[in-house]
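Residue-level listing of the chains:
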Amino acid sequence: MSNGLEDVVAAETILSDVDGLAGRLIIRGQPLETLAGRMTYEDMLGLLWDGFFPDLPSDLSQPLAKARLDVYRAIERELPFFADRPIYDGIRALMARLPDGTELDTALLLAAAPSVLLPALVRLHTGKPPRVPDTSLGHAADMLSMLGDAAPAPARAAALDAYLVTVVDHGLNASTFAARVVASTLAGLNSSALAALGALKGPRHGGALGPVLDMLDAIGKPENAAAWIENELTSGRRLMGFGHRIYRVRDPRADALKAALDRLAQSGAVDTTRIALATHVEAAALAALARHKPGRVLATNVEFYPALLLEALGFPRETFTAIFAASRIGGWIAHAKEEAATGKLIRPQSRYVGPGPRQAA
Ligand code: ACO
C-alpha cells in the first residue's frame, strides 16, 4: 500500500506534466513560463479544453462572458440567502444549482461560476449590492469590476490573469483526482467540479493562502521572522506556503507569481514593505526548514506569493481559496472530460486491518 498514493500513477493525461525534480510544469506541451503573464484566462481555457468539446470556438472570450451573465441571472435571487454563510460554502451551494451536463454550455457556466459568485458574495457580506457582470470586459477584469466599484486598471486585470493562468492545472493533485474519480463514474461535470471544490478547501491543498497572510501579520517585522518561525517549528506546526508532495525544488509557479507580483508593484498597487517582509520571511523559513527537516527538501510552494498578489488586488483573505478554485475549475473540467472519455471506473482496494469476525458464543 502507498500511503497518500505517493508515487502511484493513476491516470494518463495530455493536459499537464509536473516534474518535481527539475521544478518544471508543462501545460499542453508548453512550459508555464511561456504562458503565465502572456495570455488571458479565456485563452488558457481554449488551450486546455482543445479536443474535448466538438463545438469549442477558437475564442472563448464572448462565450465565457455570456456564461458569467447567465450564471448571475440564474442565481441572483438566491444570493441574499447566502449573505451570512462562509464565502467558499456559499459558492459551493450556489454552484450546485447549475446544470450537471457534460457539454460545452455546462462547462462554460461552471468555469464562470466562482468568478461571478465570489465578488457577489463578498459585496453582500459587506452590505453592498452585487454588480452585474460586464460582458464587454475580459474575464479577469470583470471579476475585479464585480468586486469593486468600476472596471479595474489594466495592470490589475493583467495580474489576476497571470494568477488564473498559473494555477489552472497541475497534474493529478488532490482536487483534480477527486474530479477524475467522480468523472470515472460518468456523473456530470458539475458533480466532478463540486467534489474537487470540496477537496481544494483544506489547508494541505488550496486552503493555505489565507494563513500565509496570517503568518506575515503575526511576524509583523523582518527582525521577528527567525524567532517566530523557530517557535512554530519547535512546536510541531507547519509553515504555510512551504512544502509540496511532488516538488523537491522551488515550485515554478512561485517564480511566475513572484514575477506577476513584481510587475503589479511597478504600477504602485502593492505595498512594497509587505513584499520586503515576505521575501525576508521566505528566506528565514527556507533556512529553518532545512535545519529542522534535513531529510526532506521543503521549498516555497504556489501559495506563498499569490497571497500578497490577491491581497493587493483587494480580495479579502477568506476568499483566496475560492479564487484558486475560480482558476482550477478550468483544469478540473478538462480532466473530467478526459477521464470520462479515456478512463475506466476508478475503484482501488483497501486492506482490512480491523478485528476478525466475532466467534459465535
Ligand atoms: N512546515 C513544516 N514542516 C513541514 C512542512 C511545512 N510546511 N511541510 C512538510 N513538512 C514536514 C512534515 O512535518 C514531515 O516531517 P516528519 O517526516 O518529520 O514528520 C515531512 O515534512 C513530510 O511531510 P508530509 O506531510 O509527509 O509531506 P506531504 O508531501 O504529504 O506534504 C504538504 C505536502 C501537505 C503540502 C505539506 O508540505 C504541508 O502541509 N505544507 C503546508 C501547507 C501548504 O503550504 N499547503 C499548500 C500546498 S500547495 C497546493 O496544494 C496547491
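The rules behind each value
Residues numbered from 1 in each chain as written. Predicted model: local features only at pLDDT ≥ 70, side-chain atom pairs only at ≥ 80, totals over all residues. Heavy atoms only, no water. Patch = residues over 30% accessible without salt bridge, like charges linked within 9 Å, V, L, I, M, F, W, Y side chains within 5 Å. Areas by Shrake-Rupley, 256 points an atom, 1.4 Å probe, with all protein chains shown as cover. Salt bridge = Lys/Arg side-chain N within 4 Å of Asp/Glu carboxyl O. Lys, Arg positive; Asp, Glu negative; His and termini not counted. Charge placed at Lys NZ, Arg CZ, Asp CG, Glu CD. Helix = DSSP H or I, 4+ residues; strand = E, 2+ residues; numbered from the N terminus. Pairing = 2+ DSSP bridges. Buried < 20%, exposed > 50% of the residue type's maximum accessible area, 1.4 Å probe, protein only. Near = heavy atom within 4 Å. Polar contact = N/O pair within 3.5 Å; in protein donor to acceptor, adjacent residues only side chain to side chain. Nonpolar A, V, L, I, M, F, W, Y, C, P; charged D, E, K, R; others polar. Domains from an automatic or database assignment.

Trainee: Where do I start with a positive patch on the surface in this structure?
Mentor: Among the surface-exposed residues, Arg204, Arg238, Arg245, Lys293 and Arg296 lie close enough to one another that they form a single positively charged patch. If you trace the backbone, Arg204 turns up in the loop between helix H8 (189-200) and helix H9 (209-219).

Trainee: Looking at this structure, how should I read the sheet that holds strand S2 (residues 24-27)?
Mentor: Pairing between the strands of a sheet is mediated by backbone hydrogen bonds and can be parallel or antiparallel. Taking strand neighbours across the sheet as the criterion, the three strands line up as S1-S2-S3 in an open arrangement whose pairing is antiparallel. On the outer flanks of this sheet lie strand S1 (16-19) and strand S3 (30-31), each paired with one strand and no other. Note: S1 against S2, four bridges, orientation antiparallel. Bridging across to S2, Asp17 finds its partner in Ile26.

Trainee: Would you explain the pattern of salt bridges in this entry?
Mentor: Counted under the stated rule, the structure contains 21 salt bridges. One salt bridge in this structure joins Lys66 and Asp70, with 2.7 Å as the shortest N-O distance. Taken together, the positions of Lys66 and Asp70, both in helix H2 (residues 61-75) and four residues apart, correspond to about one turn of that helix. For Lys66, a relative accessible area of 52% corresponds to the exposed category. Given a relative accessible area of 33%, Asp70 falls into the partly exposed group.

Trainee: What is the right way to look at the site of the ligand in this model?
Mentor: As a matter of local geometry, the ligand sits amid 21 residues, with Arg238, Leu239, Gly241, Phe242 and Asn301 nearest to it. In this structure, Pro203 approaches the ligand through a main-chain N or O atom, which is 3.2 Å from a nitrogen atom. Arg296 is positioned such that a nitrogen or oxygen atom in its side chain is 2.9 Å from an oxygen atom of the ligand. The protein chains hide 76% of the 920 Å² of surface that the ligand would expose on its own. Across the shell around the ligand, the residue classes tally to ten nonpolar, five polar and six charged. Here the shell around the ligand spans two domains, since at least three of its residues come from each of domain 1 (16-206 + 318-340) and domain 2 (209-311).

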